[in-house]
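Observations on the model geometry
Chain by chain, the residues run as shown.
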2 protein chains.
Amino acid sequence: MALLRGNAIVGQSGGPTVAINASLSGIIRASHKAREIEKLYGMKNGIDGLIEGEILDLSYLFGDEKSLYTLESTPACALGSCRTRLQCHKESSEIYKRIFYVLKKYNIRYLFYIGGNDSMDTLCKLCEFSREQDYEIRIIGVPKTIDNDLMCTDHTPGYGSCAKYIATAVHEIAADCLVYSANSVTIIEVMGRDAGWLALSAALPKHYTGVGADLVYFPEIPFSSERFLRDIKRELSSHSSVIAVISEGIKYENGEYVGASFQNGASDVFGHKYLGGAARNLEALVGRKIGCKVRSLELNLPQRCSAHVASRIDIDESVKIGAHAVKIALEGQTGKMASISRKGGDVYEIALNSCPLQCVANRVKYVPLEYIDVEKSFATKAGIDYVSPLILGEREIEYKNGIPVHLIIK
Amino acid sequence: MALLRGNAIVGQSGGPTVAINASLSGIIRASHKAREIEKLYGMKNGIDGLIEGEILDLSYLFGDEKSLYTLESTPACALGSCRTRLQCHKESSEIYKRIFYVLKKYNIRYLFYIGGNDSMDTLCKLCEFSREQDYEIRIIGVPKTIDNDLMCTDHTPGYGSCAKYIATAVHEIAADCLVYSANSVTIIEVMGRDAGWLALSAALPKHYTGVGADLVYFPEIPFSSERFLRDIKRELSSHSSVIAVISEGIKYENGEYVGASFQNGASDVFGHKYLGGAARNLEALVGRKIGCKVRSLELNLPQRCSAHVASRIDIDESVKIGAHAVKIALEGQTGKMASISRKGGDVYEIALNSCPLQCVANRVKYVPLEYIDVEKSFATKAGIDYVSPLILGEREIEYKNGIPVHLIIK
């Protein structure tokens with residue numbers, strides 16, 4: 001093991017989840033224990049903070065157990081986030097030089113970055129540049145995304161809590177829709193631009209309680225309006241309230257998004273189109289073709305920030321993977337992302353590992369076809385078994401004046 | 001006190017809330033204790049069940065303490081609901097005769113109906129018809145509505161839980177929106193067709209924690225696009241993420257709904273227009289006139305069914321008011337709605353009373369102007385003080401397989 005003494009820095013990047021601050025807490029906890037790490041700094045707004053030299057001293061901010069617990073119950077990113085995409089250093093090395101100027105100034109030898117596949121791309125480029133520098137630094141990615149679409153890890157921190165929110169909300173909405181005896185169709189749109197992992201979680205309440213989504217549509221399967229209407233009619237023939245959950249990213253056979261006509265054409269800096277509106281389009285379709293009461297709703301931002309109903313398994317694992325990132329860095333690893341594998345056997349158990357950053361950067365893990373029952377427009381038993389353990393357990397949440405307590409650095 | 005022995009029946013009506021089943025539980029608990037009441041029946045789907053003779057025997061369904069506790073944690077209406085509006089019996093007495101045929105058949109002497117102002121109208125008409133019958137029956141309404149817009153009661157069961165959900169969601173969404181440093185505007189639409197009571201609750205997180213809605217717009221105040229844009233710009237001048245909460249029912253000075261252009265023109269059987277789309281209209285306005293990042297979302301159905309984050313105060317009071325309805329019926333009252341008054345003093349305390357049904361039927365209680373700070377587009381201290389105690393406390397929720405446990409009669 002190559003001993004490397006110095007300071008460490010951590011940043012958070014990309015879209016918020018309920019579990020990013022739990023991974024931050026894991027990094028803080030492990031860094032405080034590590035004799036090789038003198039001080040832990042935080043980047044304000046991810047890599048932007050590193051570029052601009054906006055560096056926070058975390059030892060003052062989260063000094064005690066109580067604030068770490070509250071941090072783990074706070075949604076989004078306590079350090080702020082960014083969506084900055086680094087150009088390759090061979091095209092423009094200016095920013096990389098500034099970053100390394102700051103790293104050297106603070107004697108930072110360990111860099112931890114919590115993010116998704118875009119953030120892992122940023123780390124890949126940093127690693128590449130660092131190899132040409134005469135400055136030893138170990139760079140480790142920590143996965144996070146509600147979308148659960150990162151390669152090389154059984155699942156991603158943040159996914160379980162989002163899945164638990166969706167399962168809970170769909171269960172409650174289904175109870176709400178049951179109250180009238182007249183036929184009705186309710187179409188619920190969940191997040192998931194490319195992969196249907198979040199849609200998968202919507203199958204849980206019906207499977208376990210009989211009350212939930214009757215139909216689930218995945219972006220992995222080309223969407224057919226005819227099959228959708230046939231599914232709805234089949235369900236309506238046996239019960240009056242039908243709930244269909246669709247992924248925001250469902251597309252027709254020709255590749256066009258079902259939500260396309262409601263898009264505003266805007267896209268983010270990574271070229272991803274802003275989606276939304278698929279459920280509204282399908283609401284209009286059901287109204288025209290079936291004619292019963294129909295409504296649509298998007299679960300929207302509460303999916304990724306409902307910390308008050310976080311999965312305890314997810315938060316616990318997120319803390320552990322943060323600590324694991326510190327551990328493997330101390331062991332000498334660099335250019336890696338901390339990852340989770342699921343052990344075989346009847347009882348859910350995980351192991352923490354690592355994988356090369358380039359296996360994750362810019363790639364997407366889709367829901368495997370054996371998790372999708374295309375005939376029934378639902379999840380298979382294998383799909384249910386995959387997601388079930390990830391939503392288990394509740395965290396004790398502190399409320400003050402009736403509102404959950406967060407730890408916010410403004 | 002006029003002793004009246006016989007059976008009782010309870011029904012639930014109108015739009016679901018998180019607390020209707022808690023009031024049902026209170027009625028069940030008190031009826032079981034009452035020596036005058038032999039058996040408690042339930043109407044399936046409100047007054048429709050009474051018309052069709054679809055009657056449930058509740059003693060079998062909710063026999064023990066554990067199922068009553070679960071019932072109190074189940075959103076919507078365990079007995080089903082309806083939106084049936086009774087015509088005046090002078091125009092058409094057929095339905096009234098059928099109802100009284102069923103009431104007599106089951107020897108029902110006590111009728112409890114949990115609902116909003118439309119349901120109280122139904123009860124009024126039933127009472128009027130009953131006075132001409134040679135059959136003694138006592139009819140009591142139990143208030144419920146997330147909208148909190150019933151006259152003659154300090155607040156309505158179901159409002160506090162919806163307010164707690166909104167305060168929690170707005171607090172979490174505000175944390176989510178804080179993560180980026182670029183200017184952004186987030187417009188959140190909450191329910192409230194006529195009155196801004198739910199919008200009022202959105203002021204709580206900012207007041208208590210500093211993180212929440214910066215601006216709140218009420219249907220009681222004519223909406224001005226110019227003032228809205230001025231408010232947004234003022235907020236953006238001091239911080240980058242601005243959160244505006246609007247009531248779905250906000251209208252321009254000329255009486256037109258801000259969400260009008262997104263309406264489909266449909267209305268329910270009471271002639272109320274389906275609303276929605278105000279936030280989307282304002283999103284487009286901010287995009288055109290200010291040009292920063294802007295998004296809109298509707299909190300939608302989760303507002304009225306998120307039992308997992310119910311207000312303990314609300315659920316406890318809902319059980320009590322159900323029991324109180326039984327108590328006043330046993331005392332000889334009829335043609336009344338059970339109601340809540342708030343005692344004066346520093347500590348929140350309520351008394352349970354009753355008021356004539358016709359004071360509630362078809363009337364709307366608006367947010368008083370002293371609760372609204374028109375200058376700042378926010379709530380006043382008096383408004384905050386009104387709503388604050390209603391969201392206090394959390395209930396212990398049972399989860400199974402990671403999902404809240406409900407008591408559903410399918």
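All values reported here derive from a predicted model rather than from experimental measurement. (Residues numbered from 1 in each chain as written. Chains lettered and ligands numbered in written order. Predicted model: local features only at pLDDT ≥ 70, side-chain atom pairs only at ≥ 80, totals over all residues. Heavy atoms only, no water.)

So, the overall build of chain A
Scanning chain A for helices and strands turns up 14 helices and 15 strands. For chain A, the C-alpha radius of gyration of 22 Å lies close to 22 Å, the compact-globule estimate for 410 residues. With respect to the three principal axes, the spread of C-alpha positions in chain A is 70 × 45 × 45 Å. The buried share of chain A, reckoned over its 410 residues, is 63%. Across chain A, the fraction of contacts at a sequence separation of at least 24, relative to all contacts at a separation of at least 6, is 77%. (Helix = DSSP H or I, 4+ residues; strand = E, 2+ residues; numbered from the N terminus. Rg over C-alpha atoms; globule rule 2.2 N^0.38 Å. Buried < 20%, exposed > 50% of the residue type's maximum accessible area, 1.4 Å probe, protein only. Contact = heavy atoms within 4.5 Å.)

Considerations on the relation of the copies chain B and chain A
With an RMSD of 0.0 Å, the operation that places chain B on chain A is a rotation of 180° combined with a shift of 0.0 Å along the axis. Both copies are brought into coincidence by an operation consistent with a two-fold rotation axis. When the interface residues of chain B are mapped onto chain A, 100% of them again fall at the interface, so both copies present the same face. (Least-squares fit on C-alpha atoms with pLDDT ≥ 70 in both.)

Details of the sheet that holds strand β3 (residues 55-57) of chain A
All names here are of chain A. In space, the 7 strands of this open sheet follow the order β3-β2-β1-β4-β5-β10-β11, with mixed pairing throughout. Whereas interior strands pair on both sides, the edge strands pair on one side only; in this sheet they are β3 and β11 (350-356). Each adjacent strand pair in this sheet contributes to an overall mean axis angle of 30°, direction not counted. Pairing of strand β1 (residues 6-12) with strand β2 (residues 37-43) involves 4 bridges; the strand directions are parallel. Looking at the pairing, G6 lines up with I37 of β2. Helix α6 (residues 117-131) contacts β4 (108-115), β5 (138-143) and β10 (336-342) of the sheet and is inclined by roughly 175° relative to β5. Lying on the sheet, helix α13 (residues 312-330) is in contact with β2, β4, β5, β10 and β11; it crosses β5 at an angle near 165°. (Pairing = 2+ DSSP bridges. Axes fitted to C-alpha atoms, helices over the stretch in contact; angles between N-to-C directions.)

Some remarks on the confidence of the model for chain A
Parts of the prediction with low pLDDT should not have their coordinates interpreted in detail. Residues and elements named next belong to chain A. Mean pLDDT over chain A stands at 94; residues scoring 70 or higher make up 95%. Every residue in residues 262-268 is under pLDDT 50, and counting partners more than four places away or in other chains gives 18 contacts. For this predicted complex, the interface confidence comes out at an ipTM of 0.96, alongside a pTM of 0.96. (pLDDT = per-residue confidence, 0-100.)

Here's the deal with unusual backbone geometry
Positive phi values are uncommon outside glycine, yet C152 of chain A reaches one of about 70°. Tracing the backbone through its elements, the reader meets C152 of chain A in the loop between β5 and α7 (159-177).

Topic: the pairing of strand β2 (residues 37-43) of chain B
Residues and elements named next belong to chain B. Burial within β2 is extensive, with 5 of its 7 residues counted as buried. With helix α1 (residues 20-33) bridging strand β1 (residues 6-12) and its parallel neighbour β2, the resulting β-α-β unit is right-handed. Across 3 bridges, the pairing between β2 and strand β3 (residues 55-57) is antiparallel. Residue pairing for β3: M43 is matched across the bridge by I55. (Right-handed = clockwise from strand over helix to strand, strands pointing away.)

Some details on the sheet that holds strand β8 (residues 241-247) of chain B
All names here are of chain B. Pairing is parallel in the open sheet, where 4 strands are placed in the order β7-β8-β6-β9. Of all strands in the sheet, those with a lone pairing partner are β7 (215-217) and β9 (293-298), marking the two edges. Neighbour-to-neighbour, the strand axes of the sheet open up by a mean angle of 15°, direction not taken into account. Against the sheet, helix α7 (residues 159-177) touches β6 (184-190), β8 and β9, its axis set at about 165° to β6. Of the strands in this sheet, β6, β8 and β9 are in contact with helix α11 (residues 278-289), which crosses β9 at around 175°.

Some words on the pattern of salt bridges
Side chains that differ in sign of charge can pair as their charged atoms come close. Residue and element names in this part refer to chain A. The final tally for this structure, using the stated rule, is 40 salt bridges over all chains. In this structure, D385 engages K381 in a salt bridge whose closest nitrogen and oxygen atoms are separated by 3.0 Å. Here D385 and its partner K381 are both found in helix α14 (residues 381-387), 4 residues apart, which amounts to about one turn of the helix. You can call D385 partly exposed: its relative accessible area is 39%. (Salt bridge = Lys/Arg side-chain N within 4 Å of Asp/Glu carboxyl O.)

Points about the interface of chain B and chain A
Every contact between the two is made by 56 residues of chain B and, on the other side, 56 residues of chain A. Contact between chain B and chain A buries roughly 4,600 Å² in total, counting both sides, with carbon and sulfur atoms accounting for 63%. When residues of chain B are sorted by the area they lose upon contact with chain A, E172, Y180 and I403 of chain B head the list and together hold 14% of the total. In this assembly, chain B and chain A are joined by 2 salt bridges. Here chain B is connected to chain A by 21 residue pairs in polar contact (both at pLDDT 80 or more). The greatest single-element share of the side of chain B that touches chain A, amounting to 10 residues, is contributed by α7 of chain B. (Buried area = accessible area lost by both parts, 1.4 Å probe. Polar contact = N/O pair within 3.5 Å; in protein donor to acceptor, adjacent residues only side chain to side chain.)

Description of the state of the cysteines
Put plainly, two cysteines are in a disulfide when a covalent bond ties their sulfur atoms together. Residue and element names in this part refer to chain A. Enumeration according to the criterion identifies 0 disulfides over all chains in this entry. Counting only cysteine sulfurs, C82 is the nearest neighbor of C77, a cysteine outside any disulfide, at a range of 9.4 Å. The buried category is assigned to C77, whose relative accessible area is 8%. Counting only cysteine sulfurs, C124 is the nearest neighbor of C88, a cysteine outside any disulfide, at a range of 11 Å. (Disulfide = S-S within 2.5 Å.)

Considerations on the environment of E54 of chain B
Structurally, E54 of chain B is set in the loop between α2 (47-52) and β3. Aside from chain neighbours lying at most four places away, what touches E54 of chain B is G42, M43, K44 and G49 of chain B.

Digging into the packing of helix α10 (residues 225-236) of chain A against helix α11 (residues 278-289) of chain A
Residues and elements named next belong to chain A. As a packed pair, α10 and α11 sit with axes 11 Å apart at the nearest point and diverge in direction by 65°. Two packed elements cross with a definite hand, and for α10 against α11 that hand is right-handed. Residue-level contacts link S225, F228 and L229 of α10 to L282, L285, V286 and K289 of α11. (Left-handed = near helix turned anticlockwise from the far one by under 90°.)

Re the pairing of β1 of chain A
All names here are of chain A. Buried residues dominate β1, accounting for 7 of its 7 residues. As paired elements, β1 and β4 share 6 bridges and run parallel to each other. The partner of V10 across the bridge, within β4, is F112.

Notes on the packing of α1 of chain B against helix α13 (residues 312-330) of chain B
All names here are of chain B. Where α1 meets α13, the axes come as close as 7 Å, and the angle between the chain directions of the two elements is 45°. As the angle between them shows, α1 and α13 are arranged oblique. Crossing of α1 against α13: the hand is right-handed. Two secondary-structure elements touch here, α1 through A22, S23, G26, I27, R29, A30 and S31 and α13 through I315, S318, V319, I321, G322, A323 and V326. Looking at the contact of α1 with α13, its residues break down into 8 nonpolar, 5 polar and 1 charged. (Parallel < 35°, antiparallel > 145°, perpendicular 65-115°, else oblique. Nonpolar A, V, L, I, M, F, W, Y, C, P; charged D, E, K, R; others polar.)

Considerations on the environment of L301 of chain A
With respect to the helices and strands, the residue L301 of chain A is situated in the loop between β9 (293-298) and α12 (302-305). The class of L301 of chain A is buried, set by a relative accessible area of 3%. The spatial distance from the C-alpha of L301 of chain A to the C-alpha of V190 of chain A is 9.8 Å, given a sequence separation of 111 residues. Contact partners of L301 of chain A, with chain neighbours within four places excluded, come to M191 of chain A together with I173, D176, C177, R295 and L297 of chain B.

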